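# Tertiary structure, described
Each chain, letter by letter, is given below.
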Amino acid sequence: MIGTQAQDWPTVHQSAEMQALRDYVTAADGYRYANQAASTLRLDVTHSNLIQRWHDLVFDSSMTVGRVKEKLYFHGGTPAEHQELYLRRGGGDTLFLWDEKKTLADYGVKNGMELHIKDTNPYSLSANGGLEDVSQVQKYVMADEEYDKLENSVRAVKRREKEKAAAERAARIAAGDVSARITVGSRCQVHPGGRRGEVAFVGSVRGAKGVWIGVGLDEPQGNNDGSKAGEHYFDCKGEKYGCFVRPDNVEVGDFPELDPFASDEEF
């Protein structure tokens, strides 16, 4: 194999760059607990029924186990009488804090250790994802008929906006606004000849009076490529696929592309 192989790469300890990165990341580790009171403890807390964990919760070493349980009730939601507390000291070493009258100091709790809450209530709200799995929450579903009656719902607002836009478009069409009746992107049929395509341009063309419709045809039945008199107005498939026609010769509607292999005798 050409080039450096995996066994030739330096280890983390041999690489100066990796060592520098490690030193940067861990630079403040030795001072993590330097600016706190001597009796203050910062502990991680986990819960038997919950995925979430709490990092660096603050306790005092003089707090009894019973008092700690009361505080943890406000985090995990498990009442003190249904808590069993375990102290995880690292390396698989776990201690059951069974005496509620003893303090954290009595049990030798140190900064960075982990308190684990075991919820002993079989009917606990937190069991089986009860406090974290939102899919278990019963949701109120309103019938469409009732929702449609609301005046300030999102659907009602969109309906009014759609009706307003339709009314404005109808007014523009009545006033002779071609761009309101024939919009870019619409499927259409060009007369005479029944040529089908898509509206690609609506506007004026240099050297010609009035409004013109540029159509990108499905088949090469046109006379240009979307250009006129050296000026490009729209893109189409290529030469002979474009044409400019008067609005009266364009019929907008559901005109899918014709299948040249289709037969009138087939269903």
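Residues numbered from 1 in each chain as written. Predicted model: local features only at pLDDT ≥ 70, side-chain atom pairs only at ≥ 80, totals over all residues. Heavy atoms only, no water.

## Quick word on the pattern of salt bridges
Under the definition given, this model contains 13 salt bridges. Among the salt bridges present, the one from Asp 177 reaches Arg 172, with a minimum N-O distance of 3.0 Å. For Asp 177, a relative accessible area of 28% gives the class partly exposed. For Arg 206, the salt bridge identified is with Glu 231, shortest N-O distance 3.0 Å. (Salt bridge = Lys/Arg side-chain N within 4 Å of Asp/Glu carboxyl O. Buried < 20%, exposed > 50% of the residue type's maximum accessible area, 1.4 Å probe, protein only.)

## Regarding the environment of Ser 124
Position of Ser 124 relative to the elements: it lies in the loop between β5 (114-119) and α3 (144-149). By relative accessible area, which is 14% here, Ser 124 ends up buried. Remark: the alpha-carbon pair of Ser 124 and Asn 49, spanning 75 residues in sequence, is separated by 8.9 Å. Discounting chain neighbours no more than four positions away, the residues touching Ser 124 are Asn 49 and Asp 119. A polar side-chain atom of Ser 124 sits 2.7 Å from a polar atom in the side chain of Asp 119. (Helix = DSSP H or I, 4+ residues; strand = E, 2+ residues; numbered from the N terminus. Contact = heavy atoms within 4.5 Å. Polar contact = N/O pair within 3.5 Å; in protein donor to acceptor, adjacent residues only side chain to side chain.)

## As for the sheet that holds strand β12 (residues 250-252)
Read from one edge to the other, the open sheet built from five strands follows the order β11-β8-β7-β6-β12, with strand pairing classed as antiparallel. Pairing within the sheet leaves two strands with one partner each, and these edge strands are β11 (242-245) and β12. Here the average twist between neighbouring strands, direction ignored, is 45°. Here strand β6 (residues 187-190) runs beside strand β7 (residues 195-203); their pairing, made up of four bridges, is antiparallel. Across the sheet, residue Val 190 finds its bridge partner in β7, namely Arg 195. (Pairing = 2+ DSSP bridges. Axes fitted to C-alpha atoms, helices over the stretch in contact; angles between N-to-C directions.)

## What to know about the packing of aromatic side chains
For the structure shown, the criterion picks out six aromatic pairs. When the ring of Tyr 86 is compared with that of Phe 96, the centres are 5.0 Å apart and the planes differ by 25°; the resulting orientation is stacked. Here Phe 96 lies in strand β4 (residues 93-96) and Tyr 86 lies in strand β3 (residues 83-90), a separation of ten residues in the sequence. What makes Phe 96 partly exposed here is its relative accessible area of 36%. Taken together, the ring pairs connect Phe 201, Tyr 233, Phe 234 and Phe 244 into an aromatic cluster. Above the plane of the ring of Phe 59 lies Lys 71, whose end atom (NZ or CZ) is 4.7 Å from the centre. In this structure, Lys 102 packs its charged tip against the face of Tyr 107, placed 5.5 Å from the ring centre. (Phe/Tyr/Trp six-rings, centres within 6.5 Å; stacked < 30°, edge-to-face > 60°. Lys NZ or Arg CZ within 6 Å of the ring centre and 35° of its normal.)

## Digging into the state of the cysteines
Per the counting criterion, the structure on display carries zero disulfides. Looking at the unpaired Cys 188, the closest cysteine sulfur is the one in Cys 243, lying at 7.7 Å. Judged by its relative accessible area of 0%, Cys 188 falls in the buried class. Cys 236 takes part in no disulfide bond, and the closest cysteine sulfur, belonging to Cys 243, lies 9.1 Å away. Accessibility expressed as a relative area gives 24% for Cys 236, which makes it partly exposed. (Disulfide = S-S within 2.5 Å.)

## What about the side chain of Asn 224?
Position of Asn 224 among the secondary structure elements: in the loop between β8 (212-217) and β9 (227-228). A residue is classified by how much of its surface remains accessible, and Asn 224, at 7% relative accessible area, is buried. A distance of 2.8 Å separates polar atoms of two side chains, one belonging to Asn 224 and the other to Asn 223. In contact with Asn 224, other than residues within four places in its own chain, are Phe 234, Gly 238, Glu 239, Lys 240, Tyr 241, Gly 242, Cys 243 and Phe 244.

## A look at helix α4 (residues 154-174)
Spanning 21 residues, α4 covers 30 Å between terminal C-alpha atoms, matching the ideal 30 Å at 1.5 Å per step. Immediately downstream of α4, the backbone of Gly 176 shows phi near 90°, a positive value. (Expected span 1.5 Å × (residues − 1).)

## Some remarks on the sheet that holds β4
Read from one edge to the other, the open sheet built from five strands follows the order β2-β1-β5-β3-β4, with strand pairing classed as mixed. Strands at the two margins of the open sheet, each flanked by one partner only, are β2 (54-60) and β4. The sheet shows a mean angle of 35° between the axes of neighbouring strands, taken without regard to direction. Taken together, the four bridges between strand β1 (residues 40-47) and β5 define a ladder with parallel strand orientation. Bridging across to β5, Thr 46 finds its partner in His 116.

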